[in-house]
Amino acid sequence: MPPVARDSLALVTVTHNSATELAAMLRSAQRHLPGTRVIVVDCASTDESVACARRHGAVSIALDQNVGFGRACNRGLAEVTEPVTALVNPDVELLDASLLAIAGEALRTGPPRLLAPLVLNDDGTRQDTVHPVPGSAGDLLRSVIPPTLAPGRLGVALAPWRSAEPRRVGWAVGCAIVARTQTLQALGPFDERIFMFGEDLDLGLNAAQHGVQTWFWPAARVVHHQSHSTEAAFGGEPFELLARTRHEVIARRLGVGRATLDDAAQALTFATRIAAKRVLSRDAERERRQLQALMRARREPVQRG
């Protein structure tokens, strides 16, 4: 599908003390997608996020409190009049104009889809931003087989972000998702009961229940610098909150039995990685913390704000 006109696409991002990252994202949008409208929803930042958005000509919506990622993103989407929307984190940078091509694909005749571009780390390696459905055969198999070690088709099935071709997936990480605006608006897109983490998993499962498939589309690409705000807010990776929210989302969308199965698969994944790293004399502290957090999360109920 050929690229669409730049004024057919809008970018929506949510900020909270994200001025430095936002400036880089906006500069990349101006460089590669001049004329494309960017909508910035700021969640009560105390830094220069709002001023940065205005300085770069973005539409700025300044909220007086931190309402959470999903609710803020929904607020920004309500302002979109363009036929296609790209939901992007402020710590994403565009490498080229390939989002226009994926926007054209989103508008192609046929059932609506959520499209996830290839997401790269700073060093050019791929991020694991697309995944099988929790509890599916592919998801369970990778609990015992490290996806990066699996060859050929099996490796791509376990780690779909490795694919060189478009591929249907269960869900995509919310750092970069492109779809028809009306599709996203019909889906929510995000459940506003979730303050942070799990919104993207919930979106993928909710979309599937409404007949909207999620596809990995590696012809489009962005760089994601990762966790700029959560590192500061949580002092590192919030493994326990991640585990709790994941369990709650899967239980609500797929049932308690599937959520329990997913917990077991997650625990097996972390245990397998710990054992493998021990054999290789590598540090497994991150996996130990993930496993401990999962065990704590399963013993205690989810606390709602």
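Throughout this description, residue numbers start from 1 for each chain and increase along the sequence as written. The model is predicted, so local features are restricted to residues of pLDDT at least 70 and side-chain atom pairs to those at 80 or more, both for listing and for counting; the totals for chains, interfaces and linings are taken over all residues. Values shown for side chains rest on all heavy atoms present in the structure; no hydrogens or waters enter the calculation.

**Looking at the overall build of the protein chain**
Put simply, the rule is: We count a stretch as a helix when DSSP gives it H or I for four or more residues in a row; a strand needs E for two or more, and each element gets its number in order from the N terminus. Buried means the residue's accessible area, taken with a 1.4 Å probe over protein chains only, is under 20% of the maximum for its type, while exposed means over 50%, and partly exposed covers the values in between. It only takes one pair of heavy atoms within 4.5 Å for two residues to be counted as in contact. Computed with a 1.4 Å probe, the accessible areas rest on the Shrake-Rupley method; for each residue, only the protein chains presented here act as cover. His is not counted, nor are the chain ends, whereas Lys and Arg count as positive and Asp and Glu as negative. By convention, the charge on Lys lies at NZ, on Arg at CZ, on Asp at CG and on Glu at CD.
Of the regular secondary structure elements, the protein chain holds 12 helices and 11 strands. Projected onto its principal axes, the C-alpha positions of the protein chain cover 50 × 40 × 35 Å. Burial status across the protein chain gives 52% buried among its 305 residues. Within the protein chain, residue pairs in contact and separated by at least 24 positions form 78% of the contacts whose partners lie at least 6 positions apart. Carbon and sulfur atoms make up 53% of the accessible area of the protein chain, which amounts to about 13900 Å² in all. Distance between charge centroids for the protein chain: 6 Å, based on 35 positive and 32 negative side chains.

**What about the nonpolar core?**
To keep it simple, the criterion reads: Residues grouped as a nonpolar core are buried Ala, Val, Leu, Ile, Met, Phe, Trp, Tyr and Cys residues, joined through side-chain atoms within 4.5 Å.
Formed by 32 residues in total, the largest nonpolar core has its most connected members in Leu 9, Leu 11, Val 38 and Leu 99. Ignoring sequence-local partners within four residues, the contact set of Leu 9 consists of Leu 33, Thr 36, Arg 37, Glu 82, Val 84, Thr 85, Ala 86, Leu 99, Leu 100 and Ala 103. By size, the runner-up hydrophobic cluster in this structure holds 23 residues, among which are Ile 61, Val 67, Ala 179 and Leu 203.

**Looking at unusual backbone geometry**
Going from Gly 188 to Pro 189, the amide bond is cis rather than trans, its omega being -5°. Following the sequence through the fold, Pro 189 ends up in the loop between α7 (181-187) and α8 (199-209). A positive phi angle, close to 55°, is found at Asn 17, a residue other than glycine. The residue Ala 44 is not glycine, and still its phi comes out positive at about 55°. Here Ala 44 is to be found in the loop between β2 (37-43) and α2 (49-55).

**Section: a nonpolar patch on the surface**
Worth spelling out the cut-off: The patch calculation keeps residues exceeding 30% relative accessible area without a salt bridge and links them within 9 Å when they carry like charges or within 5 Å when they are nonpolar (Val, Leu, Ile, Met, Phe, Trp, Tyr). We define a salt bridge as a side-chain nitrogen of Lys or Arg found within 4 Å of a carboxyl oxygen belonging to Asp or Glu.
Taken together, the side chains of Leu 141, Val 144, Leu 154 and Leu 268 define a hydrophobic patch exposed on the protein surface, amounting to about 290 Å² of accessible area. The topology assignment puts Val 144 in the loop between α5 (137-141) and α6 (152-158). When its relative accessible area of 44% is taken as the criterion, Val 144 is described as partly exposed.

**What about the pattern of salt bridges?**
Where charged atoms of side chains with opposite charge meet at close range, the side chains can pair. Evaluated as defined, the whole model comprises 18 salt bridges. A salt bridge links Glu 105 to Arg 113; the shortest N-O distance between them is 2.7 Å. For Glu 105, a relative accessible area of 5% corresponds to the buried category. Overall, the relative accessible area of 13% leaves Arg 113 in the buried class. When salt bridges with common partners are traced through the structure, they connect Asp 191, Arg 193, Asp 202, Arg 252 and Arg 253 into a single cluster.

**Describing the environment of Val 59**
Within the secondary structure, Val 59 sits in strand β3 (residues 59-63). Of the residues examined, Val 59 reaches a relative accessible area of 29% and is grouped as partly exposed. Each C-alpha atom of the pair Val 59 and Val 12 lies 9.4 Å from the other, and the pair is 47 residues apart in sequence. Setting aside residues no more than four positions away along its own chain, Val 59 makes contact with Arg 37, Val 38, Ile 39 and Val 40.

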